[in-house]
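Tertiary structure, described
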Amino acid sequence: HRLHASGLRSVTGRLVVDDSRYSHGTLAPGWKHSFLPGESGAVDAFSVNNDNWRSSRPFLANPSHANARLWRTALKKAGIHITGGTHVGPATGSAFELARHASRPLSAIVRMTLSESINYYAEMMLREIGYQDSGHGSRQSGIAGIRGFARRNGLPVGRLEDGSGLSYANRETPGTFVAWLAKLPSMPLTYKVVYDGLA
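Residues numbered from 1 in each chain as written. Predicted model: local features only at pLDDT ≥ 70, side-chain atom pairs only at ≥ 80, totals over all residues. Heavy atoms only, no water.

The next subject is the packing of helix α6 (residues 119-134) against helix α7 (residues 139-152). Axis separation between α6 and α7 bottoms out at 7 Å; the angle between their running directions is 70°. Taken together, the axes of α6 and α7 lie roughly perpendicular to each other. In this structure, α6 uses Leu 126, Arg 127, Ile 129, Gly 130, Tyr 131, Asp 133 and Ser 134 to contact α7, whose residues at the interface are Arg 139, Ser 141, Gly 142, Ile 143, Ala 144, Gly 145 and Ile 146. Split into classes, the residues belonging to the contact of α6 with α7 amount to 6 nonpolar, 5 polar and 3 charged. (Axes fitted to C-alpha atoms, helices over the stretch in contact; angles between N-to-C directions. Helix = DSSP H or I, 4+ residues; strand = E, 2+ residues; numbered from the N terminus. Parallel < 35°, antiparallel > 145°, perpendicular 65-115°, else oblique. Contact = heavy atoms within 4.5 Å. Nonpolar A, V, L, I, M, F, W, Y, C, P; charged D, E, K, R; others polar.)

Position of Asn 119 relative to the elements: it lies in helix α6. Spatially, the C-alpha atoms of Asn 119 and Tyr 168 are 14 Å apart, while their sequence positions differ by 49 residues. Discounting residues that sit within four places of it in the chain, Asn 119 has contacts with Glu 39, Ser 40, Ser 164 and Leu 166. One polar contact links the side chain of Asn 119 to the main-chain carbonyl oxygen of Glu 39, over a distance of 3.0 Å. (Polar contact = N/O pair within 3.5 Å; in protein donor to acceptor, adjacent residues only side chain to side chain.)

The description of two aromatic rings rests on the distance between their centres and on the angle between their planes. A complete count under the given rule lists 5 aromatic pairs for this structure. Between Trp 31 and Phe 35 the ring centres are 5.9 Å apart and the planes differ by 70°, which places this aromatic pair in the edge-to-face class. You'll find Trp 31 and Phe 35 in the same group, each marked buried. With 5.7 Å between their ring centres and 35° between their planes, Phe 149 and Trp 180 make a pair best called tilted. Here Phe 149, found in helix α7, pairs with Trp 180, found in helix α8 (residues 174-183); they are 31 residues apart in sequence, far enough to count as distant. (Phe/Tyr/Trp six-rings, centres within 6.5 Å; stacked < 30°, edge-to-face > 60°. Buried < 20%, exposed > 50% of the residue type's maximum accessible area, 1.4 Å probe, protein only.)

This part takes up the pattern of salt bridges. Applying the stated criterion to the full structure yields 6 salt bridges. Between Glu 123 and Arg 127 there is a salt bridge, with the nearest N and O atoms lying 2.6 Å from each other. Of the two residues, Glu 123 and Arg 127 are both situated in helix α6; the distance of 4 residues between them amounts to about one turn of the helix. On the basis of relative accessible area, Glu 123 is assigned to the buried category, the value being 0%. For Arg 127, a relative accessible area of 1% corresponds to the buried category. Of the charged contacts in the structure, one is a salt bridge between Arg 159 and Glu 161, with a shortest N-O distance of 3.0 Å. (Salt bridge = Lys/Arg side-chain N within 4 Å of Asp/Glu carboxyl O.)

So, in structure tokens, the structure goes:
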């Protein structure tokens, strides 16, 4: 509605959905196939709801395309007509921002993830760690980011395969968890967020 209010009524080109921030693919080693969508929505850089989940298999296989259709429908309902087709992929260098919609603050997302055990949020945050650490978000780059943080802070880390802890291949000891929790008070903002979210 903000786009319509700004005077935008039609787009003569294509609708471009840039989902290049994260790699595609949600399943991790050690996951049962039923975990998608049973335990987590499909992880994708272009998400439109709280868990990026629909019952159809095409949505789970390629959520950006399904979400692009939802976005096109929302624009149409807002009175904005797009002449061209839809392209899912990196935007060109000539793209510019018309509007911005922010998510909830990360602190609120972390609290919800911990208190409600939202696997999808945990998987998305793993990819974002990877993006912040290396410039591209993937399961592997997120794990590398966590390992780098552990090395810099003298923390132990076991075998990591995902962000949610669903993988049967993950291996962590109670001592590892205690060491990470003991580190939190030295990071006051993080400490409060994590402490507030713990069961």
